[in-house]
Amino acid sequence: DHRDLHSFPTRRSSDLVSGRGESGRQPCAARFPIVPLIVIVFVALALPAGSAAASGWSAMQLPAKQLEGGGADQVPLYDVSCPSEKLCVAVGALDTVAVSQSPTGGRGSWHVSYPTYPEPKQSCLEEEGVAPSSCSFPGGALDGVSCATESLCVAVGYEGSVYASADPSAGSWSIANPYAGPGAPHLTGVSCPSVSLCVAVSGGNGPAGGRVFATASPTGGQWASGQLRGSPDLRAVSCPTTSLCVAVAKGGRIFFSTDPAGGVGAWHEVGSPTQRDLEGVSCVTALLCAIGDGGGNILTSTDPASSDFTEANAGGSVQITGVTCPTTTSCVAVDNNADVMTSTKPVGGPTAWTFENLVPFEAEPSDHGQFVKNALWGASCPSISLCALVGANSRVFTATEPFALPAPRSPGGTKSGEATRRRPRTHLVFAEGFWKSALTRHRRFKARFHFYSRDGARGFECKRDRGHWRSCHSPLRYWVAIGPHTLRVRAVGSTGLRGPAAILRFRVAQRRAR
């Protein structure tokens, strides 16, 4: 999967507390010069007053794609667009397109197809060792889709392909590659506010990254493109009207244009309250834009073309991957831990958002280093009476009352969903005698670390220096080079909520020969 879940930043570092380990025994400094003891403690955070879990989500899993070798792949679905309550279009890996004219009708109401080129691609046929039958498929992942109406849908692919259909319910799609310049454009998002305008954005690095594509004829295959200054890694775009588009990028960058078809000179950067990666955005006319970041926060602005965005935590702790706002008083956000956050007052701060986990957290083996089994990637609500969510393992969730009133208290006295919202907090405790530095006669040193949870964490994630977050377990041993180093460890709760990272900084120096 090309989506890097572990580049998402942590929320904040925890306090450092000096003291003994749980057993009260000191580490053997002579044998292990670097032995930090990390104690992971869970603290249950109560659900804000007036909040409750979203209710009434129905789940289904679409059929797996049959592979040439005889196997099957339950591909992830990366985005969904519902122009009305009578049509939803979802897209995903391996050229997958799923369409339903009755989104809440169950698995049987969704038709899955894999559009192909009208004729096999000539450049593919000229490659050695490639089966001619595979040259009819674009062979990539569809990352974004937008349907202006029931008679126009456009999807974009990470390999630079653009799919367009004037009759998506019939499964008829044309495929084009609008970019002819150097490099491969990784198209990551698209938005079509009308049948006469579609805007797409590209991510990644190089000459094809940070580009904005626009067309007045989405089914004609002709797109104009230009690269924004600094080549930002664009991840999503939302155009509520033909005179306003907002695009978001990694590093917390936000761009807007009041003339999306006017070229790159019509795009401007707006102030952002975060440097976390931004993956999802949804704007309603010019009165509201909501953006999700890498720490479970929602950024909102009531005038995105002239005012900065403000930030509020919606209850999650990981990357928000999709946002959809059918009205200025209703928004739904999803993240890569299958959490759903809803609000009937998006600009109302943290207490205005409800929270629910739809798929419990399940860690993959530590050597994989990814937590994607329960991820949600996209969301679309054509009205307050229908929302559709898509994610890993070809899952689709729908709800006809996504903004239902708070649920009543359970017999035990807790509100529905309160247990799933508990966020583990991490405290870092140094055992007495711990050395923050070590000497070695060699060019590298093998460090060892211990950490555990008193409250039954499902797993842990570690980040070494500037590396990615990866699953890990105690004891953790790895080689480090001469110089300063940083280790971050965070606990993963029962539903996958990550707590703030415990941070340990240490230095390895080379012992001078006598």
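All residue numbers here refer to positions counted from 1 along the written sequence of the relevant chain. Under the rules for a predicted model, residues below a pLDDT of 70 receive no local features and side-chain atom pairs below 80 are neither given nor counted, while totals for whole chains, interfaces and linings still include all residues. Side-chain numbers come from the whole structure's heavy atoms, not from hydrogens or water.

## Digging into the overall build of the chain
Next up, step 1: Strands are runs of DSSP state E lasting at least 2 residues, helices are runs of H or I lasting at least 4, and numbering of each runs from the N terminus. Assigned secondary structure in the chain consists of 1 helix and 40 strands.
Next up, step 2: Burial statistics for the chain: of 514 residues in total, 55% are counted as buried.
Next up, step 3: Any two residues whose heavy atoms approach within 4.5 Å are treated as being in contact. Once local pairs closer than 6 in sequence are excluded, the contacts in the chain between residues at least 24 apart make up 56%.
Next up, step 4: Counting only carbon and sulfur atoms, one obtains 48% of the accessible surface of the chain, whose full area is about 21,700 Å². Three exposure classes are used, based on accessible area relative to the maximum for each residue type with a 1.4 Å probe and protein chains only: buried under 20%, partly exposed in between, and exposed over 50%. Each accessible area is a Shrake-Rupley estimate made with a 1.4 Å probe; only the visible protein chains count as cover when residues are assessed.

## A closer look at the state of the cysteines
Next up, step 1: Cysteine sulfur pairs qualify as disulfides if the two atoms are within 2.5 Å. Scanning the entire structure with this criterion turns up 8 disulfides.
Next up, step 2: With a sulfur-sulfur separation of 2.0 Å, Cys 147 is cross-linked through a disulfide to Cys 153. Because the torsion about its S-S bond is 110°, the bridge between Cys 147 and Cys 153 counts as right-handed.
Next up, step 3: Taking the relative accessible area as the measure of exposure, Cys 153 reaches 0% and is therefore buried.
Next up, step 4: Two residues, Cys 192 and Cys 198, share a disulfide whose sulfurs are 1.9 Å apart.

## Things to note about the pairing of strand S31 (residues 386-391)
Next up, step 1: Most of S31 sits inside the fold, with 6 of its 6 residues counted as buried.
Next up, step 2: Taking every second residue as pointing to the same face, both faces of S31 are buried, with Leu 386, Ala 388 and Val 390 on one and Cys 387, Leu 389 and Gly 391 on the other.
Next up, step 3: When DSSP finds two or more bridges between a pair of strands, those strands are recorded as paired. Hairpin connection of strand S30 (residues 376-383) to S31: 2 residues between the antiparallel strands.
Next up, step 4: In textbook terms, the turn of a hairpin is the stretch between consecutive antiparallel strands, and for S31 and strand S32 (residues 395-399) this stretch comprises 3 residues, one of which, Asn 393, has a positive phi near 55°.

## Notes on the confidence of the model for the chain
Next up, step 1: Confidence scores labelled pLDDT are given residue by residue by the predictor and lie between 0 and 100. This prediction gives the chain a mean pLDDT of 79; 77% of its residues lie at or above 70.
Next up, step 2: In the predicted structure, residues 1-54 sits below a pLDDT of 50 and forms 172 contacts with residues beyond four places in sequence or in another chain.
Next up, step 3: In this model, residues 406-420 is a region of pLDDT below 50 whose contacts with residues beyond four sequence positions or in other chains number 22 contacts.

## Observations concerning the packing of aromatic side chains
Describing an aromatic ring pair means giving the distance of the ring centres and the angle of the ring planes.
Next up, step 1: Aromatic pairing here means that ring centres of Phe, Tyr or Trp (its six-membered ring) are within 6.5 Å. Orientation follows from the plane angle: under 30 degrees is stacked, over 60 is edge-to-face, and everything else is tilted. Inspection of every chain in the model, using the stated rule, returns 4 aromatic pairs.
Next up, step 2: Plain terms: the ring middles of Tyr 78 and Trp 377 are 5.7 Å apart, the flat faces sit at 75° to each other, and that makes the pair edge-to-face. Highlighted residues: Tyr 78 in strand S6 (residues 77-84) and Trp 377 in strand S30, separated in sequence by 299 residues.
Next up, step 3: Through a chain of ring-to-ring contacts, three or more aromatic side chains come together here, namely Phe 449, Tyr 478 and Phe 506.
Next up, step 4: In this arrangement the basic side chain of Arg 464 is found over the ring face of Tyr 478, its NZ or CZ atom lying 4.2 Å from the centre.
Next up, step 5: Two limits define a charge over a ring: the Lys NZ or Arg CZ must be within 6 Å of the ring centre, and within 35 degrees of the ring normal. The lysine or arginine in question, Arg 490, covers the ring of Trp 469, its NZ or CZ lying 3.9 Å from the ring centre.

## Some thoughts on the sheet that holds strand S9 (residues 110-113)
Next up, step 1: In space, the 4 strands of this open sheet follow the order S6-S7-S8-S9, with antiparallel pairing throughout. Whereas interior strands pair on both sides, the edge strands pair on one side only; in this sheet they are S6 and S9. Here the average twist between neighbouring strands, direction ignored, is 20°.
Next up, step 2: In the sheet, S6 pairs with strand S7 (residues 87-92) via 5 bridges, with the strands oriented antiparallel. Bridging from a neighbouring strand, Ser 81 pairs with Val 89 of S7. Interaxial angles span 0 to 180 degrees and are taken between N-to-C directions of axes, which are lines fitted to C-alpha atoms, for helices over the stretch in contact.

## A look at the sheet that holds strand S29 (residues 353-357)
The strands that make up a sheet pair up through hydrogen bonds in the backbone, lying either parallel or antiparallel.
Next up, step 1: The 4 strands lie next to each other as S26-S27-S28-S29, forming an open sheet whose pairing is antiparallel. Taken across any chain shown, the strands that pair with only one partner, and hence form the sheet edges, are strand S26 (320-327) and S29. If you compare each strand with its neighbour and ignore which way they point, the axes differ by 15° on average.
Next up, step 2: As judged from the 5 bridges shared by strand S28 (residues 339-343) and S29, these two strands associate in the antiparallel manner. Opposite Thr 342, over in S29, you have Thr 354 as the bridge partner.

## With respect to unusual backbone geometry
Next up, step 1: In this model, Ser 394 sits at a positive phi of 60°, which is unusual for a non-glycine residue.
Next up, step 2: Looking at the element boundaries, Ser 394 is found in the loop between S31 and S32.

## Here we look at the environment of Pro 350
Next up, step 1: Examined against the element boundaries, Pro 350 turns out to sit in the loop between S28 and S29.
Next up, step 2: Setting aside residues no more than four positions away along its own chain, Pro 350 makes contact with Ala 312 and Asn 313.

## Quick look at the pairing of strand S10 (residues 142-149)
Side-chain direction in a regular strand flips from residue to residue, so the side chains alternate between the two faces of the sheet.
Next up, step 1: Of all the 8 residues making up S10, 6 are buried; the element is thus mostly covered by neighbouring parts of the structure.
Next up, step 2: Pairing between S10 and strand S11 (residues 152-157): 6 bridges, direction antiparallel. Bridged to Leu 142 within S11 is Gly 157.
Next up, step 3: Between the end of S10 and the start of S11, which pair antiparallel, lie 2 residues.

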